[in-house]
Amino acid sequence: QGWTPNFIPYVAEDGLKKKLQDEVVLVNGPDSIQTAQDLAVKEGIFCGISGGASVKAALITAAKAPPGSTLVAIVPDTAERYMSTPLFASIEAEMNAEELEIFKSTPLGQDA
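J.: Go over helix α2 (residues 29–43), please, and point to the residues and values.
T.: The end-to-end C-alpha distance of α2 is 20 Å, a good match for the 21 Å that 15 residues give at a rise of 1.5 Å each. Looking only at α2, the buried set comprises S32, I33, T35, A36, Q37 and L39. Structurally, α2 contributes buried residues whose contacts are with α3 (49–64). By the N-cap criterion, in which a side-chain oxygen at the helix start approaches the backbone nitrogen of a residue two or three places on, α2 is capped by N28, the distance to D31 being 2.8 Å. Of the residues one or two after α2, G44 is the one with positive phi, at around 70°.

J.: Can you tell me about unusual backbone geometry, naming the residues and giving the values?
T.: For K19, which is not glycine, the phi torsion reads 55° and is therefore positive. Within the secondary structure, K19 sits in the loop between α1 (10–17) and α2.

J.: Account for the packing of α2 against α3, with residues named and values stated.
T.: Where α2 contacts α3, the axes come no closer than 7 Å and their chain directions differ by 95°. For the element pair α2 / α3, the angle class is roughly perpendicular. Along its contact with α2, which presents D31, S32, I33, T35, A36 and L39, the element α3 presents I49, G51, G52, A53, V55 and K56.

J.: Account for the nonpolar core, naming residues and giving values.
T.: In this structure, I33, A36, L39, C47, I49, V55, A79, Y82, L87 and F88 together form the largest nonpolar core, which totals 10 residues. Residue assignment for this core shows that the elements contributing at least two residues are α2 and α3. Among the elements that make up this core, the one with the highest residue count is α2 (3 residues).

J.: Break down the environment of T61 for me, with residues and values.
T.: Mapped onto the secondary structure, T61 falls in helix α3. Here T61 falls in the partly exposed class, since its relative accessible area comes to 25%. Filtering out sequence-adjacent residues up to four positions away, T61 remains in contact with V25 and L71.

What counts, and where the lines are drawn
- Residues numbered from 1 in each chain as written.
- Predicted model: local features only at pLDDT ≥ 70, side-chain atom pairs only at ≥ 80, totals over all residues.
- Heavy atoms only, no water.
- Helix = DSSP H or I, 4+ residues; strand = E, 2+ residues; numbered from the N terminus.
- Expected span 1.5 Å × (residues − 1).
- Buried < 20%, exposed > 50% of the residue type's maximum accessible area, 1.4 Å probe, protein only.
- Contact = heavy atoms within 4.5 Å.
- Polar contact = N/O pair within 3.5 Å; in protein donor to acceptor, adjacent residues only side chain to side chain.
- Axes fitted to C-alpha atoms, helices over the stretch in contact; angles between N-to-C directions.
- Parallel < 35°, antiparallel > 145°, perpendicular 65-115°, else oblique.
- Core = buried A, V, L, I, M, F, W, Y, C linked by side-chain atoms within 4.5 Å.

Below is the structure:
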């Protein structure tokens with residue numbers, strides 16, 4: 001998702017040329033989408049596919065990092081503009097019976 005496949009912003013390209021990085025962690029599309037979906041479900045973080053990729057790369061890095069390491073993952077946008085993309089292809093537009101029951105248990109759903 002983003003500009004084009006394999007697009008590298010100038011700031012990142014410049015950093016790579018200067019060899020500022022310790023490592024480059026590549027994340028594929030399906031893992032990016034799954035991580036973005038997991039962030040929404042498990043953490044309440046509504047992000048796009050690139051945000052999912054950023055967090056997935058941080059998780060991969062964290063698994064190899066020494067104990068006590070500090071990592072930062074930047075999630076650059078929300079998922080609002082991805083509603084009609086593969087990120088949400090598995091989610092139905094209407095609530096299913098289980099979701100409707102949960103909604104009815106909330107103050108907003110009392111009149112439903």
